[in-house]
Amino acid sequence: MKNSVKVERAILDLTQGQLAQKVGVSRQTIYAIETQKYEPSVVLALKIAEICDKNVNDIFELEETDWSK
């Protein structure tokens, strides 16, 4: 799953740590999401989208390979 968390975070001028604190996870979790090493839960994805004032689909996008899982 592709995402634009890093871009959205930069637009808001937030560090990974600041975003992590706002959504209740560790900085390492935000890093893992940004580098596509971790797919967030629906709840976490919705929290990130709300902080960024975006729809979840504007930040997280399924890739073709996600359909074959």
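So, how was this worked out
Residues numbered from 1 in each chain as written. Predicted model: local features only at pLDDT ≥ 70, side-chain atom pairs only at ≥ 80, totals over all residues. Heavy atoms only, no water. Axes fitted to C-alpha atoms, helices over the stretch in contact; angles between N-to-C directions. Helix = DSSP H or I, 4+ residues; strand = E, 2+ residues; numbered from the N terminus. Left-handed = near helix turned anticlockwise from the far one by under 90°. Contact = heavy atoms within 4.5 Å. Nonpolar A, V, L, I, M, F, W, Y, C, P; charged D, E, K, R; others polar. Buried < 20%, exposed > 50% of the residue type's maximum accessible area, 1.4 Å probe, protein only. Patch = residues over 30% accessible without salt bridge, like charges linked within 9 Å, V, L, I, M, F, W, Y side chains within 5 Å. Areas by Shrake-Rupley, 256 points an atom, 1.4 Å probe, with all protein chains shown as cover. Salt bridge = Lys/Arg side-chain N within 4 Å of Asp/Glu carboxyl O.

S.K.: Tell me about the packing of helix 2 (residues 16-23) against helix 4 (residues 42-52), residues and numbers included.
M.R.: As a packed pair, helix 2 and helix 4 sit with axes 10 Å apart at the nearest point and diverge in direction by 115 degrees. For the pair helix 2 and helix 4, the crossing hand works out as right-handed. Contacts between helix 2 and helix 4 involve L19, K22 and V23 from the former and L44, K47, I48 and I51 from the latter. Within the contact of helix 2 with helix 4, the residues separate by chemical class into 5 nonpolar, no polar and 2 charged.

S.K.: Summarise unusual backbone geometry; cite the residues concerned and give the values.
M.R.: For D13, which is not glycine, the phi torsion reads 55 degrees and is therefore positive. According to the relative accessible area criterion, D13 is exposed, its value standing at 67%.

S.K.: Can you explain a nonpolar patch on the surface? Please cite residues and give values.
M.R.: Together, V7, I11, L12 and I51 line one region of the surface with nonpolar side chains, adding up to about 340 Å² of accessible area. Mapped onto the secondary structure, V7 falls in helix 1 (residues 5-11).

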